[in-house]
Amino acid sequence: MDTPVEDLSFEDALKELEQIVHRLETGEATLDDSIKLYERGDRLRQRCAERLDQAQTRIEAIRLDAEGRPAGTRPFAAG
């Protein structure tokens with residue numbers, strides 16, 4: 001939890017967020033610690049959402065013409 005949230009990869013941020021959720025669900029943290037965990041968890045959630053938004057932008061499918069040249073893009077449709 002010492003690494004600044006903005007320096008974490010998506011995978012590391014998600015892993016830490018899962019650990020925080022587990023600690024909050026088990027009730028093993030004091031009230032003060034729970035508040036700090038919640039605040040960090042919220043920043044991690046925001047980081048993950050930002051990274052997913054960036055990935056979606058980069059993953060936009062490129063349409064190719066008959067010769068295989070990029071002819072435009074279409075929005076990425078997940079699922």
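Residues numbered from 1 in each chain as written. Predicted model: local features only at pLDDT ≥ 70, side-chain atom pairs only at ≥ 80, totals over all residues. Heavy atoms only, no water.

1. Some words on the overall build of the protein chain
Part 1 of the reasoning: The secondary structure content of the protein chain amounts to two helices and two strands.
Part 2 of the reasoning: Listing each helix as α and each strand as β along the protein chain from the N terminus yields α-α-β-β.
Part 3 of the reasoning: Of all 79 residues assigned to the protein chain, the portion counted as buried reaches 18%.
Part 4 of the reasoning: Counting only contacts in the protein chain whose residues sit at least 6 apart along the sequence, the fraction spanning at least 24 positions is 43%.
Part 5 of the reasoning: Split by element, the accessible area of the protein chain, about 6,200 Å² in all, is 50% carbon and sulfur. (Helix = DSSP H or I, 4+ residues; strand = E, 2+ residues; numbered from the N terminus. Buried < 20%, exposed > 50% of the residue type's maximum accessible area, 1.4 Å probe, protein only. Contact = heavy atoms within 4.5 Å. Areas by Shrake-Rupley, 256 points an atom, 1.4 Å probe, with all protein chains shown as cover.)

2. As for the nonpolar core
If you look at soluble globular proteins, the nonpolar side chains tend to sit buried side by side.
Part 1 of the reasoning: Core analysis: the largest hydrophobic core is formed by nine residues, namely Val5, Leu8, Ala13, Leu17, Ile20, Ala29, Leu37, Leu44 and Cys48.
Part 2 of the reasoning: When residues no more than four places from it in sequence are discounted, the contact partners of Ala13 are Leu8, Leu44, Arg47 and Cys48. (Core = buried A, V, L, I, M, F, W, Y, C linked by side-chain atoms within 4.5 Å.)

3. Brief notes about the pattern of salt bridges
Part 1 of the reasoning: One pass over the full model with this rule turns up three salt bridges.
Part 2 of the reasoning: Measuring nitrogen to oxygen at the nearest pair gives 3.4 Å for the salt bridge that ties Glu28 to Arg23. (Salt bridge = Lys/Arg side-chain N within 4 Å of Asp/Glu carboxyl O.)

4. Observations regarding the environment of Arg43
Part 1 of the reasoning: Note on placement: Arg43 falls in helix 2 (residues 31-58).
Part 2 of the reasoning: Arg43 gets classed as partly exposed once you look at its relative accessible area, which sits at 40%.
Part 3 of the reasoning: For the pair formed by Arg43 and Val5, sequence separation is 38 residues and the distance between their alpha carbons is 6.9 Å.

5. Examining helix 1 (residues 10-26)
Part 1 of the reasoning: Taking 1.5 Å of rise per residue, 17 residues should cover 24 Å, and helix 1 covers 24 Å from first to last C-alpha, within 8% of that figure.
Part 2 of the reasoning: Turning to helix 1, its buried residues are Ala13, Glu16, Leu17 and Ile20. For helix 1, the angular spread of buried residues about the axis comes to 105°, placing them on one side. Exposed residues pointing more than 90 degrees away from the buried face of helix 1 are listed as Glu11, Lys15, Glu18 and Glu25.
Part 3 of the reasoning: After helix 1 finishes, the residue Gly27 shows a positive phi value of roughly 75°. (Expected span 1.5 Å × (residues − 1). Arc of directions from axis to C-beta.)

Taken by themselves, the reported measurements are silent on function.
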